[in-house]
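# Structural features, examined
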Amino acid sequence: MEKQEEINSNPGADWENFRDDDIMLQHSAIRDEQAHKILFLGDKEPLSALAAEYQSGSSILLEKIKLLDEKYCAIRRTRGDGNCFFRSFMFSYLEHILETQDKAEIDRVKVNVEECRKTLQSLGYADFTFEDFFALFLEQLESVVQGADASISHDELVERSRDQSISDYVVMFFRFVTSGEIRKRSEFFEPFILGLTNATVDQFCKSSVEPMGEESDHVHITALSDALGVPVRVVYLDNSSCDTGGVSVNHHDFVPCSLSNDGSSGLEINPYITLLYRPGHYDILYPK
Amino acid sequence: MVDFSRVQKELQECNKDVKISGISVKPKADSLSHLIGTIPGPVDSPYEGGTFLIDIVLLDGYPFEPPKMKFLTKVWHPNISSQSGAICLDILKDQWSPALTLKTALVSIQALLSAPEPDDPQDAVVAQQYLRDYQTFVGTARYWTEAFAKTSSHGMDEKVQRLVEMGFPEALTRSTLEVVGGDETLALEKLCSN
């Protein structure tokens, strides 16, 4: 404690004694500062708000935003704290259920959630490490179904998604599900993980999936989408352009293996979760 | 808020197989936010035979915030401060996850005792000794285990006292005991052969 005060009163004077603890304090101070600037989940904003960000910036990005404007009407931002993919996924999914009241989808996803629970058990996770997170997610899922005592409105869903004690628990639920899926199908995921980090599957799950604040990559999205059976569309907004000089906006659909392998290839899958990816960050996009 | 119902489950789970693992966690007093962990020194390491006490403080937000752990027992190890007992271990910092538990953290600390990482030191003096003079490091670590981590280690001063009474200088007696890891008979042989 004495050391900390010394550093605060005279920054940079005592770097030799600047310990890991001090660095952690500094990190959490920066996080807290961020937290005051951006909520876990922002309000729905028109796409023009996105264009305004780049007014004096890259013309390629502005052109791409114009293209986005043809298909999408709004954006909802999430806090850039490394959990943005999971927070975006959480709100998008629950908002979809709330709006459609799709009971069949709820029943289907519950079956998958129970499957994930069994996966974790068979991998040797102690029940008490994950059961609270599972329970909290299922509670949110129940609450968006209308007509019950515990039902919540859209406004309440937004409010809950901004409540750390709910949002962090759901993020952790997704991290458990993602880690379980990667470990269960480690042979499938291994080459992708090697391409990213040169780590083993176990190391990757321990260091890049299970800790809060670790950013998500295509490996995480694939695993979560597969485990829950929920397709996700990711729209990419970056500075890249075609060789011919033309500009187009790419997207990639993450289609769960349970949907892509069942032979009903004639059916086009239309993900109801659409995320906007800018290098290092995910926000929610709303199609027109 | 610390999630105390989870802490309760963790204590039960951890103390269930204490006979096999030797690892236990107990509340320090009435509060569940201040605990004491116990880990046996791993076999085939200079810490073998020692029992190490870890001070555990749970901050608000546990299990989202990592438990604060430090050695109460003095230990000579590159990644543990010989002064304060502070531990340099990634899972106690940014690599912590609610998927981990107090038990898994203590198991990781035990593994750290077996496999020091001198390139990422907490105690620079120990780390340098580990890299430059490994034999002296092993001797010192063993002596510290003998002196501080064994229930019989309170006997160290008496061992010194007995040898001093035989006529050996105290400083030499202590350093000799240190080299042989606290074995009184070996120390006497060494002192006599000088």
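Position labels on residues start from 1 in each chain and follow its written sequence. For naming, the first written chain is A and the first written ligand is 1, with later ones following in the order written. The model is predicted, so local features are restricted to residues of pLDDT at least 70 and side-chain atom pairs to those at 80 or more, both for listing and for counting; the totals for chains, interfaces and linings are taken over all residues. Heavy atoms throughout the structure, all of them, feed into the side-chain values; hydrogens and water do not.

## Here we look at the overall build of chain B
Along chain B, the regular secondary structure elements total eight helices and four strands. Along chain B, from the amino end to the carboxyl end, the secondary structure elements read α-α-β-β-β-β-α-α-α-α-α-α. Exposure categories follow from relative accessible area, calculated using a 1.4 Å probe and restricted to protein chains: below 20% of the type maximum is buried, above 50% is exposed, and the middle band is partly exposed. Counting the 194 residues in chain B, one finds 51% classified as buried. Taking the contacts inside chain B whose residues are at least 6 apart along the sequence as the reference set, 52% of them involve residues at least 24 apart. Here, Shrake-Rupley sampling with a 1.4 Å probe gives the accessible areas, and only protein chains in the shown set may cover a residue. Carbon and sulfur atoms provide 53% of the accessible area of chain B, an area that totals close to 9600 Å². Distance between charge centroids for chain B: 3 Å, based on 18 positive and 26 negative side chains. Runs of E in the DSSP output that reach at least two residues are strands. Runs of H or I that reach at least four are helices, and both are numbered from the N terminus. For this analysis, residues touch if any pair of their heavy atoms sits within 4.5 Å. Neither His nor the chain termini are counted; the positive set is Lys and Arg, and the negative set is Asp and Glu. Positions of charges follow a simple convention, taking NZ of Lys, CZ of Arg, CG of Asp or CD of Glu.

## Re the sheet that holds strand E3 (residues 232–236) of chain A
Residue and element names in this part refer to chain A. A pair of strands counts as paired when DSSP detects no fewer than two bridges linking them. Ordered in space as E1-E2-E6-E5-E3-E4, the six strands form an open sheet in which the pairing is mixed. Two strands lie at the open edges of the sheet, namely strand E1 (41–46) and strand E4 (251–254), each paired on one side alone. Neighbour-to-neighbour, the strand axes of this sheet turn through a mean angle of 30°, independent of strand direction. The pairing of E3 with strand E5 (residues 273–278) spans five bridges and is classified as parallel. Within E5, the position partnered with valine 232 by the bridge is isoleucine 273. Between the N-to-C directions of two axes lies an angle of 0 to 180 degrees, each axis being a line fitted to C-alpha atoms and, for a helix, fitted only over the stretch in contact.

## Considerations on the sheet that holds strand E4 (residues 68–71) of chain B
Residues and elements named next belong to chain B. Taken in spatial order, the four strands of this open sheet run E1-E2-E3-E4, and their pairing is antiparallel. Edge positions in the sheet fall to strand E1 (24–27) and E4, since each has one partner strand and no second. In this sheet, adjacent strand axes meet at a mean angle of 25° when their direction is disregarded. Inspection of the sheet shows strand E2 (residues 34–40) paired to strand E3 (residues 51–57) by seven bridges, in the antiparallel sense. Note that in E3 the partner of histidine 34 across the bridge is valine 57.

## Topic: the nonpolar core
Residues grouped as a nonpolar core are buried Ala, Val, Leu, Ile, Met, Phe, Trp, Tyr and Cys residues, joined through side-chain atoms within 4.5 Å. Counting 55 residues, the largest nonpolar core has A:Phe89, A:Tyr93, A:Phe134, A:Phe174, A:Phe176 and A:Leu228 as the members making the most contacts within it. Of the residues forming this core, the biggest block, 10 residues, is contributed by helix H5 (residues 84–100) of chain A. Discounting chain neighbours no more than four positions away, the residues touching A:Leu228 are A:Phe89, A:Arg108, A:Val109, A:Asn112, A:Val113, A:Cys116, A:Phe174 and A:Val177. Judged by nonpolar contacts, the second largest core, of 49 residues, contains B:Ile56, B:Leu92, B:Leu100 and B:Tyr143.

## What to know about a negative patch on the surface
Residue and element names in this part refer to chain B. A cluster of acidic residues, Asp90, Asp94, Glu117, Asp119 and Asp120, forms a negative patch on the protein surface. For aspartate 94, the location among the structural elements is in the loop between E4 and helix H3 (102–114). With relative accessibility at 54%, the residue aspartate 94 sits in the exposed group. Patches were defined on residues exceeding 30% relative accessible area and lacking a salt bridge, with like-charge contacts within 9 Å and nonpolar side-chain contacts (Val, Leu, Ile, Met, Phe, Trp, Tyr) within 5 Å. Throughout this description, the term salt bridge denotes a Lys or Arg side-chain nitrogen within 4 Å of a carboxyl oxygen of Asp or Glu.

## Some remarks on the packing of helix H9 (residues 164–184) of chain A against helix H10 (residues 186–197) of chain A
All names here are of chain A. Two numbers describe how H9 lies on H10: the axes approach to 6 Å, and their chain directions differ by 100°. By the angle class used here, H9 and H10 are roughly perpendicular. In this structure, H9 uses Glu181, Ile182, Arg183 and Lys184 to contact H10, whose residues at the interface are Ser186, Phe189 and Ile193. In this classification, the charged set is Asp, Glu, Lys and Arg, the nonpolar set is Ala, Val, Leu, Ile, Met, Phe, Trp, Tyr, Cys and Pro, and all remaining amino acids, among them Gly, are polar. Its residues assigned to classes, the contact of H9 with H10 shows three nonpolar, one polar and three charged. Our angle categories are set so that under 35 degrees counts as roughly parallel, over 145 as roughly antiparallel, 65 to 115 as roughly perpendicular, and the remainder as oblique.

## Quick word on the UniProt feature "domain: UBC core" (unreviewed entry) in chain B
UniProt positions are given in the numbering used here, feature names are shortened, and annotations may be inferred rather than shown by experiment. Under the UniProt annotation, the feature "domain: UBC core" (unreviewed entry) is placed at residues 2–150 of chain B. Between the C-alpha atoms that bound residues 2–150 of chain B the distance is 33 Å, and the span itself is 36% helix and 15% strand.

## Some words on the confidence of the model for chain B
Every residue is assigned a pLDDT by the predictor, reflecting its confidence on a scale from 0 to 100. Confidence along chain B averages 90 in pLDDT terms, with 96% of residues attaining 70 or more. The complex prediction reports pTM at 0.84, with the ipTM value standing at 0.82.

## Digging into the interface of chain B and chain A
Facing the 20 residues of chain B at the interface are 20 residues of chain A. Accessible area that two parts lose when put together, with a 1.4 Å probe and added across both, is what the buried area reports. Of the roughly 1600 Å² buried at the junction of chain B and chain A (both faces included), carbon and sulfur atoms supply 62%. Among the residues of chain B in contact with chain A, B:Phe64, B:Gln95 and B:Ala99 are the three that bury the most area, contributing 33% of the side total. Across the contact surface, chain B and chain A share one salt bridge. For A:Glu131, the salt bridge identified is with B:Lys9, shortest N-O distance 3.1 Å. A 3.5 Å cut-off defines polar contacts: any pair of N or O atoms within that distance qualifies, except that in protein one atom must be a possible hydrogen donor and the other a possible acceptor, and neighbouring residues in sequence count only when both atoms are side-chain atoms. Run the count over chain B and chain A and you get four residue pairs in polar contact (both at pLDDT 80 or more). When residues of the side of chain B that touches chain A are assigned to their parent elements, the largest contribution, four residues, is made by helix H1 (residues 4–16) of chain B. Taken together, the residues of the side of chain B that touches chain A break down into eight nonpolar, four polar and eight charged.

## Side note on the domain arrangement of chain B
Here the domain parsing of chain B yields domain 1 (4–123) and domain 2 (153–193). Each domain's extent was defined by an automatic or database domain assignment. A C-alpha centroid distance of 32 Å is found between domain 1 of chain B and domain 2 of chain B.

## Focus on the UniProt feature "active site" (unreviewed entry) in chain A
All names here are of chain A. UniProt tags Asp81, Cys84 and His281 as "active site" (unreviewed entry). Annotated residues spanning 201 residues; largest pairwise C-alpha distance 8.9 Å, indicating a single compact cluster. One can find cysteine 84 in helix H5. Taking the relative accessible area as the measure of exposure, histidine 281 reaches 16% and is therefore buried. Every residue in contact with histidine 281, bar those within four places of it in the chain, is listed here: Thr78, Arg79, Gly80, Cys84 and Leu276. Engagement of the side chain of histidine 281 in a polar contact is seen with the backbone oxygen of threonine 78, the distance being 3.1 Å.

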